[in-house]
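Each chain, written out:
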Amino acid sequence: MATSQPQTPLALFGTDGLIGEEDRAIRDTVRKHVEEKLKPHIADWYESGTVPARELTQELGALGVLGMHLEGYGCAGTSATAYGLACMELEAGDSGLRSLVSVQGSLAMYAIWKHGSDAQKDEWLPRMAKGEAIGCFGLTEPDFGSNPAGMRTRARRDGDDWVLSGNKMWITNGSVADVAVVWAQTDEKIRGFVVPTDTEGFSAPEIKKKMSLRASVTSELVMDDVRLPGDAVLPEVQGLSGPLSCLTEARFGIIFGSLGAARDCLETAIAYAGDREIFDKPLAAYQLTQPELADMSLELGKGMLLALHLGKLKDAGELRPEQVSLGKLNNVREAIAIARECRTILGAAGITLEHPVMRHANNLESVLTYEGTSEVHQLVIGQALTGQAAFR
Ligand SMILES: Cc1cc2nc3c(=O)[nH]c(=O)nc-3n(C[C@H](O)[C@H](O)[C@H](O)COP(=O)(O)OP(=O)(O)OC[C@H]3O[C@@H](n4cnc5c(N)ncnc54)[C@H](O)[C@@H]3O)c2cc1C
């Protein structure tokens, strides 16, 4: 017998009270859009392994979430916290939606916004903010993921031009992108290049047979002597700090985003346990079930407090990369644990696309790996704690 009015896990924590009015309003707008316009389609996109990327990107552009935390060039210039909260709502829909927005805004647009020339910014950023141009970010290679410094993609000078050759792997949005930000070794250091994807010698075959992030395009980038003008290089950065600065931006969004997936799983499991009668009473009324729900709510709430704290630091311009590692490591690890446990609460129903839980759990496998694996973030934190780099 129900004895009191149920509360959602985050209402129990009262975290809304820690969020400013404007950020909350942005969050609510994105939540409504995801609930009404995107969630109804997401299971079908996931099942078919296809996503209407161009229409979806335009829709997200109109919603104002592409590069929303950047200033100028048609970007909204919101707080970092508002951006994080938007990521949370998008990922409550599906990690693929948040991945699209992360790659567009935090990786491709941010690279150009932070490190690009005025001409590169003028050419690409306004169209990317509107969702009229799609961007991708090519760092990972078949043999170099956690250690991108070893990359084999090369850019060599030929007169005033650059000639780019190599392969990138696991690139979100690759096959649908209009512009690729590609990182390559040069005779000096690693440099970034702004590559229109219709340039001769560039191709981006899509990677199929994925079990995770099925509502997201993932591709290989093949660059076979791609000739670029001298001004295709990002002028303002040299070395690995270029791509790493972009990854820090995207990882920040994941700190919030992963909690969106976990929240959706937990709310689904609580509702399911309330409805599902087993041995003549609701599953939610069992003393074996409630500790599971309580413990998962604790992890969700603690993760949210951490995310909001890191958001505050970022809004104050004080967030350090190793602090982003704390958030990414903890929140993705806890989110996937929550998703997997919620799946068991739904029993057999949990394995279907009728419920979002296993879809989120499968997606979070990718989120655990990309933007720095858990082990890589442990090593970053270990180095911050001890001063010793233990990567090799
Ligand atoms: C769906 C999806 C989308 C992606 N999108 C993009 C994208 O848009 N752009 C892009 O550039 N990349 C993208 N990636 C690639 C992603 O960033 C890499 O997969 C990730 O960096 C890990 O690299 P890897 O897969 O080569 O694994 P590896 O580097 O081979 O790692 C394998 C295992 O070794 C562990 N390991 C690594 N180093 C150490 C160490 N020193 N000590 C102990 N263990 C270690 C890792 O933690 C991992 O468990 C995407 C990946 C996926 C799955």
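What counts, and at which threshold
- Residues numbered from 1 in each chain as written.
- Predicted model: local features only at pLDDT ≥ 70, side-chain atom pairs only at ≥ 80, totals over all residues.
- Heavy atoms only, no water.
- Helix = DSSP H or I, 4+ residues; strand = E, 2+ residues; numbered from the N terminus.
- Buried < 20%, exposed > 50% of the residue type's maximum accessible area, 1.4 Å probe, protein only.
- Areas by Shrake-Rupley, 256 points an atom, 1.4 Å probe, with all protein chains shown as cover.
- Lys, Arg positive; Asp, Glu negative; His and termini not counted.
- Charge placed at Lys NZ, Arg CZ, Asp CG, Glu CD.
- Near = heavy atom within 4 Å.
- Polar contact = N/O pair within 3.5 Å; in protein donor to acceptor, adjacent residues only side chain to side chain.
- Nonpolar A, V, L, I, M, F, W, Y, C, P; charged D, E, K, R; others polar.
- Salt bridge = Lys/Arg side-chain N within 4 Å of Asp/Glu carboxyl O.
- Core = buried A, V, L, I, M, F, W, Y, C linked by side-chain atoms within 4.5 Å.

## Here's the deal with the overall build of the chain
Item 1. Each helix and strand counted, the chain has 11 helices and nine strands in total.
Item 2. C-alpha extents for the chain along the principal axes are approximately 80 × 45 × 40 Å.
Item 3. Counting only residues that meet the buried cut, the chain has 52% of its 392 residues in that class.
Item 4. Summed over its atoms, the accessible surface of the chain is roughly 17300 Å², and 51% of this surface lies on carbon and sulfur atoms.
Item 5. Distance between charge centres in the chain, computed from 38 positive and 53 negative side chains, equals 3 Å.

## Focus on the site of the ligand
Item 1. Taken together, 17 residues surround the ligand, and among them Thr-140, Ser-146, Trp-170, Thr-373 and Glu-375 come closest.
Item 2. Contact distances for the ligand include 2.7 Å between a nitrogen atom and a backbone N or O atom of Trp-170.
Item 3. Contact distances for the ligand include 2.8 Å between a nitrogen atom and a side-chain N or O atom of Thr-172.
Item 4. Protein chains shield 67% of the accessible area of the ligand, which is 990 Å² for the free molecule.
Item 5. Mapped by element, the contributors of at least two residues to the shell around the ligand are strand S3 (161-172), helix H10 (357-369) and helix H11 (374-386).
Item 6. Per-element tally for the shell around the ligand: the top contributor is S3, with three residues.
Item 7. Of the residues assigned to the shell around the ligand, the class counts are eight nonpolar, seven polar and two charged.

## As for the pattern of salt bridges
Item 1. Per the stated rule, a full pass over the model turns up 20 salt bridges.
Item 2. Across the pair Arg-27 and Asp-28 runs a salt bridge whose closest N-O atoms are separated by 2.7 Å.
Item 3. Its relative accessible area of 5% is what places Arg-27 among the buried residues.
Item 4. Between Glu-91 and Arg-98 there is a salt bridge; the shortest N-O distance is 2.5 Å.
Item 5. For Glu-91, a relative accessible area of 0% corresponds to the buried category.
Item 6. Via salt bridges that share partners, Asp-16, Arg-27 and Asp-28 belong to a single interconnected network.

## Remarks on the nonpolar core
Item 1. With 62 residues, the main nonpolar core has Trp-45, Leu-56, Leu-60, Val-65, Met-304 and Cys-342 as its most contacted residues.
Item 2. Elements with a minimum of two residues in this core: helix H2 (21-48), helix H3 (53-63), helix H4 (80-93), helix H5 (95-115), helix H7 (241-275), helix H8 (290-315), helix H9 (321-345) and H10.
Item 3. Top element by residues in this core is H7. It accounts for 12 residues.
Item 4. Core analysis: the next-biggest nonpolar cluster, separate from the first, contains 27 residues, Val-103, Ala-111, Phe-137 and Met-151 among them.

## What to know about unusual backbone geometry
Item 1. Backbone geometry at Lys-209 places phi at a positive 60°, although glycine is not the residue there.
Item 2. Structurally, the position occupied by Lys-209 is in the loop between strand S6 (202-203) and strand S7 (218-228).
Item 3. Judged by its relative accessible area of 80%, Lys-209 is exposed.

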